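# Examination of the molecular architecture
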Amino acid sequence: MQRLGLFGGSFNPVHLGHLLLAQSAAEELALERVFFVPTAQSPFKQGIVQAAAKDRLRWLNLALAGRSHWQVDAREIQRGGVSYTVDTLRAYRQEYPQAALFYIIGADHVPFLPEWRAAAELAQLAEFLVVPRPGEVSAPLPPPFRGRLLKGIPLGVSSSLVRARLEQGLTVDLLVPSAVAESLKQDWPRPVI
Ligand code: ATP
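The following refers to the structure shown. (Residues numbered from 1 in each chain as written. Predicted model: local features only at pLDDT ≥ 70, side-chain atom pairs only at ≥ 80, totals over all residues. Heavy atoms only, no water.)

Read from one edge of the open sheet, six strands run β3-β2-β1-β4-β5-β6, paired in parallel fashion. Looking at the sheet topology across the chains shown, the edges are occupied by β3 (70-72) and β6 (147-149). Put simply, the sheet's adjacent strands are angled 25° from each other on average, direction ignored. Across five bridges, the pairing between strand β4 (residues 100-106) and strand β5 (residues 127-131) is parallel. (Pairing = 2+ DSSP bridges. Helix = DSSP H or I, 4+ residues; strand = E, 2+ residues; numbered from the N terminus. Axes fitted to C-alpha atoms, helices over the stretch in contact; angles between N-to-C directions.)

The final tally for this structure, using the stated rule, is eleven salt bridges. Note that Lys54 is salt-bridged to Asp55, the shortest N-O span being 3.8 Å. For Lys54, a relative accessible area of 51% puts it in the exposed group. Note that Arg90 and Glu121 form a salt bridge whose closest N and O atoms lie 2.7 Å from each other. A residue pair is termed long-range when its members are at least 10 positions apart, and Arg90 in helix α4 (residues 85-95) and Glu121 in helix α5 (residues 119-125) qualify at 31 residues. Its relative accessible area of 32% is what places Glu121 among the partly exposed residues. Here the salt bridges do not stand alone but share partners, grouping Lys54, Asp55, Arg58 and Asp187 into one network. (Salt bridge = Lys/Arg side-chain N within 4 Å of Asp/Glu carboxyl O. Buried < 20%, exposed > 50% of the residue type's maximum accessible area, 1.4 Å probe, protein only.)

Attention now moves to the environment of Leu150. Relative to the helices and strands, Leu150 resides in the loop between β6 and α6 (159-167). For Leu150 and Gly169, which are 19 residues apart along the polypeptide, the C-alpha to C-alpha distance reads 35 Å. Those residues in contact with Leu150, other than ones at most four positions away along the chain, are Ala25, Glu28, Leu29, Leu129, Val130, Val131 and Pro132. (Contact = heavy atoms within 4.5 Å.)

Inspection of every chain in the model, using the stated rule, returns ten aromatic pairs. Summarising the aromatic geometry, the rings of Tyr92 and Tyr96 are spaced 5.8 Å apart at their centres and angled 20° between planes, so their arrangement reads as stacked. Accessibility classification places Tyr92 together with Tyr96 in one group, the buried group. Look at Phe128 and Phe145: their rings are 5.1 Å apart centre to centre, the planes differ by 85°, and that puts the pair in the edge-to-face class. One end of the pair, Phe128, is in strand β5; the other, Phe145, is in the loop between β5 and β6, with 17 residues separating them in the sequence. (Phe/Tyr/Trp six-rings, centres within 6.5 Å; stacked < 30°, edge-to-face > 60°.)

Next comes the structure, spelled out in structure tokens:
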């Protein structure tokens, strides 16, 4: 049975914490492929200014270059509007009816899972993999969500930290992949969506 990981986020911009999270999940669960699915607009980040979708996509593509078992899936951006994970997971279930689907999240999202759209259905569509995040308590998954807490390789980097440093003119060289750091030097700040 195919074992597929899905990893959603704003990726505004992608950073090494994201990549380590995907690597830990892939290693610990023997995932064959991981799909990175950038949101058009997160329901929890409405009203927050973010970089244009085409820029977030470009940074993600740069970050994943050469990693053939990881790929960017731009379906939420193509769909537009507010992005709901349940829509994406339904589509994956249809496209990969035989696969085991694993949805990867950072520990900070666990308390909010019951507020995600169609939570009960979502909980049936995939097993949830929770990766520890420095500064966040790793709470157990709220029923009916099922899954497991991974060991991970905790790294206290966030997109907010990267953005704050860019805005202060500080380097982000060791916080994001080098190709992304190069691109951010040219592209930041960009117009909002
Ligand atoms: P922001 O700081 O803008 O809120 P973020 O760094 O949390 O962004 P997102 O793209 O919103 O990044 O997160 C996508 C997913 O990655 C979420 O499930 C989040 O919990 C997880 N994540 C992000 N950074 C880390 C990290 N350093 N360790 C563990 N999980 C992380």
